[in-house]
Structure formats: C-alpha cells, structure tokens
Amino acid sequence: MSKANASTSDRQQQTTQTAASEQVFTFWQAAAIVPSTLLGAGVLTLPRELALATDSNSFLPMLVGGAFFLFVVWMITKLGQLFSGLTIVVYTQKLLTFAGNQRIGRVLAFPVLAVVGIWWLLSVAAALRIFGEAQRSVVFPDTPLWFIVGTMLFVSALVAANRAEVIARLNEFLLPIIVIPLVLIVILALDNAEWTNLLPLVNMSWGEFWRGVLQSFFAYQGVSVIAVFMASYQQPEKAVRSHFTGIGIMIVVYIMVTMTTMAAFPHKELERLMWPTLELVKLTQIPGLIFERLESGFLAIWVVAVFTTLANLLTAAVHLFSEYSGIKQEQRVWIMLPLALLVFVVALWPQDVYQAFQFAKKVQMAGFVLAIAIPPLLLILAWLRRMGRDREKESR
C-alpha cells in the first residue's frame, strides 16, 4: 500500500515539475486569459439580469461588483506568487499537510479540489446550455439542441488536453478578435441610446443595490482558472498587474454593454427581453448600410468568446483532476473524455430554457460561495505557516 502511494506521489511530482518548467505565459498572455475566460455566454443576458436585480436601469452595481472581484483576484494571485511554479493542486496539499504527513494533506485537499473542479465543469455545462438556447432561438431554430451543444463542446475539448503554451497563444490571439469588434459595435449602438432611461442613477433601495452587486459579481466568475495557469507564468511577480489589466478590460466592456443597452430600452421593456444585448445590436446600423444584418457578425464574435470561456474552464478542470491523479500530459485525453461526456449530459439535463437559466443561477451562487470561502482560507493558512517558519528561525 505504501509503495502504491509513493508511486502516485512520484508521478504527481513529475507532473508538477513538468508544469512548473513550462514558463510560457508572457505578461500580456496572462492578462488576456482573464477577459477571454469571463467574456462568454452571459454578455447576452447581463443587462436584463442587472435590471431585474435592481428594479432600475442603473449600472452602478457593476462598478462595485468589479471592485469587489478585484480583491478576490488579488487573493488568488497572491497564493500563486507565494507558491511560484505550483498549481492550486500542489499548494493546497502543502497547506493542509500537518506534522510532515503528506498523506494527510492529500486527503484533506481532496474535497477542496474536487469542489473547485466540479464547479468549473458545471460552469462549462451552464455556459454551453445558454449558448445552445441562444443559437437555437436566434439562428438555428430547427437544429437539435444536443447537436449545437455537442459541436461546441467537441471543439472546446480538443483544446482542453493541450499544453499551457497552446492555451496561452490561443487566448492572446483571440482576445483582440473578440474585444475590438465588440467595442466598435457598442459605439455604433450609442445612436440608439436614450440617456434619460438611465435616470435617476440611484433610484433603488440598499437591498436592490446589493442584489445588483451580487448579480454583477456573477459576471466576473471563472477567473479562478488562474490558480492553475499561474504555474506557467514567465513573470509571476507581475501577475497582479497583468490580472488587474485583464479585469480592467472586462469592467470597461461590461460597463459599455450594460450602460448602452439600458439606455436603449426602457426598464420595463428591458426586463422582458431574453437577449437584450442582441436586441440592441439588431437596432444598430453601420453608416452607408455596409452590413444590413450586424447581428450576424456580432453572433460570430460571440461564438468565439464562448469558445474561449469553455476551453479555459475545461482545460483548468482537466489539469486539476489529472495532476491530482498523477496523470502525465500525454495521457490527459483519458481524463478529458469522461469529463466532456459528463458536461454534455449535465448541459442537456434542464428541460427548457427557464430551467436552464435557473440552473445557471445556482451554479453562479455556488461560485460566489467558493470565491469568498476558499481563497481567504488558503491565504490565511499560507500566512500562518509563514509566521510559524519565521518564529522557528528566530528561536534558533
């Protein structure tokens, strides 16, 4: 039994050393992975969800939610810097190891890592289902939902078992393709804005305001994948700056999208729109009528955005379960296949679009609980252990 455990530990250390030696993420690639993960299926429904939460057309909760999420990102980043070259799989086991018994750390870390990995998979399933519902209601009304979901999942799964270098280059290449056209479309949509729809800016109770902050916090979820990818950063000491740059891009994009959409539609109408951002694009025209159906180009960009979200989340989940199990890079496809099948089944589980939205909200709430529980816990343990080591050195 001890030999088997030793063998597993050796394989895990080899995997960890391989991951740590692949310092492939540059500063800008580390910054790109944040908005590439966050900007996905939710951008179509964000203005409506925020309007329902606040019972107004105020975008101010989005700013507060973004500022709060910066603190969460800072905690995850500090953990990655304290354990440079290691993923959440390894440093969680180190932090939960007591009396030098690594087996205890491995056992105690299992529920923490399992919850994080399962949440990533559920997030993939929820985003896939929302993607499928949007495509079927707007573009492919006669196409089976399972085919739309399965096709996007297949493409995302092709990326999930690849090395960190592939993920880094993919996010760096696709981010400008997503953000630049999206910003241009929103700027063109300003012609449809009726700015009086935003007034008054603070016409809400404190309860509605904090519900709006919580809803905006949901829009920033998914950035926890950096707990895996930071092990491959070339400059982990600059990770806070790169991650804050990525979050800053997202805050600007989200504010532009929500503010313009809320200004284009009265509050009561906005609450009834299933895909308000898409409805805004339909109202938008390019001068000279170069493109008569701008929503077609927008949906193409949105498909790329959803793809990067799914690919990053699925890659992080595959890496987490593979590293904990001691599976080498070349064999990760055997972890990816059952996980992808599980995601496919869960994505199709809701019976209709209403249940799909309810499922997505439950996943978002679970992500909020994990975000305020796991990073602070691990960071406190890391500081306590450092203080303990410092005291031992002083006593000597």
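The preceding data block contains the structure.
Residues numbered from 1 in each chain as written. Predicted model: local features only at pLDDT ≥ 70, side-chain atom pairs only at ≥ 80, totals over all residues. Heavy atoms only, no water.

Undergrad: Sorry if this is basic, but what is going on with a nonpolar patch on the surface here?
TA: On the surface, Ile180, Leu184, Ile187, Leu190 and Trp195 cluster together into a nonpolar patch covering about 470 Å² of accessible area. Within the fold, leucine 184 resides in helix α8 (residues 164-189). (Patch = residues over 30% accessible without salt bridge, like charges linked within 9 Å, V, L, I, M, F, W, Y side chains within 5 Å. Areas by Shrake-Rupley, 256 points an atom, 1.4 Å probe, with all protein chains shown as cover. Salt bridge = Lys/Arg side-chain N within 4 Å of Asp/Glu carboxyl O. Helix = DSSP H or I, 4+ residues; strand = E, 2+ residues; numbered from the N terminus.)

Undergrad: What should I look at first to understand the environment of proline 375 in this one?
TA: Mapped onto the elements of the fold, proline 375 is located in helix α16 (residues 353-395). Along the chain, proline 375 and leucine 86 lie 289 residues apart, while their C-alpha atoms are 15 Å from each other. Not counting chain neighbours up to four residues away, the residues in contact with proline 375 comprise Met75, Ile76, Leu79 and Leu370. (Contact = heavy atoms within 4.5 Å.)

Undergrad: Explain the pattern of salt bridges here, please?
TA: On inspection of all chains with the given rule, the structure shows seven salt bridges. For glutamate 133, the salt bridge identified is with arginine 136, shortest N-O distance 3.6 Å. Linking glutamate 133 with arginine 136, this pair stays in helix α6 (residues 102-138), spanning three residues, or about one helical turn. Salt bridges sharing partners connect three or more residues here, namely Arg48, Glu49 and Lys361.

Undergrad: Looking at this structure, how should I read the nonpolar core?
TA: Soluble globular proteins tend to pack their nonpolar side chains together in the buried interior. Core analysis: the largest hydrophobic core is formed by 130 residues, its most contacted members being Trp120, Leu128, Ile226, Tyr233, Tyr254 and Trp302. With 17 residues, the single largest contributor to this core is helix α14 (residues 294-325). Once residues lying within four places of it in the same chain are set aside, the contact partners of isoleucine 226 are Ile33, Val34, Val73, Ile76, Thr77, Tyr233 and His243. (Core = buried A, V, L, I, M, F, W, Y, C linked by side-chain atoms within 4.5 Å. Buried < 20%, exposed > 50% of the residue type's maximum accessible area, 1.4 Å probe, protein only.)

Undergrad: I tried to follow helix α7 (residues 145-160) on my own but got confused; where do I start?
TA: An α-helix turns once per 3.6 residues; consequently, residues spaced three or four apart project the same way. The terminal C-alpha atoms of α7, which comprises 16 residues, lie 22 Å apart, in line with the 22 Å expected from a rise of 1.5 Å per residue. For α7, every residue scored as buried is listed here: Leu145, Ile148, Val149, Met152, Leu153, Ser156, Ala157, Val159 and Ala160. On an axial view of α7, the arc spanned by its buried residues comes to 155 degrees, and they lie on one face. Set apart from the buried face of α7 by more than 90 degrees, the exposed residues are Trp146, Phe154 and Leu158. Looking at the buried residues of α7, the elements they touch are α6, α8, α14 and α15 (333-347). (Expected span 1.5 Å × (residues − 1). Arc of directions from axis to C-beta.)

Undergrad: I'm lost on the packing of helix α2 (residues 27-38) against helix α11 (residues 239-264) in this one. Help?
TA: For any two helices packed against each other, the geometry is given by the interaxial angle and the distance between the axes. Interhelical geometry of α2 versus α11 gives an angle of 35 degrees and a closest axis separation of 7 Å. Along this stretch, α2 crosses α11, giving a crossing that reads as right-handed. Contacts from Phe27, Trp28, Ala30, Ala31, Val34, Pro35 and Leu38 of α2 reach α11 at Arg241, Ser242, His243, Thr245, Gly246, Ile247, Ile249, Met250 and Tyr254. Residues of the contact of α2 with α11, tallied by class, amount to 11 nonpolar, four polar and one charged. (Axes fitted to C-alpha atoms, helices over the stretch in contact; angles between N-to-C directions. Left-handed = near helix turned anticlockwise from the far one by under 90°. Nonpolar A, V, L, I, M, F, W, Y, C, P; charged D, E, K, R; others polar.)

Note that all results are geometric; they support no functional claim without further evidence.
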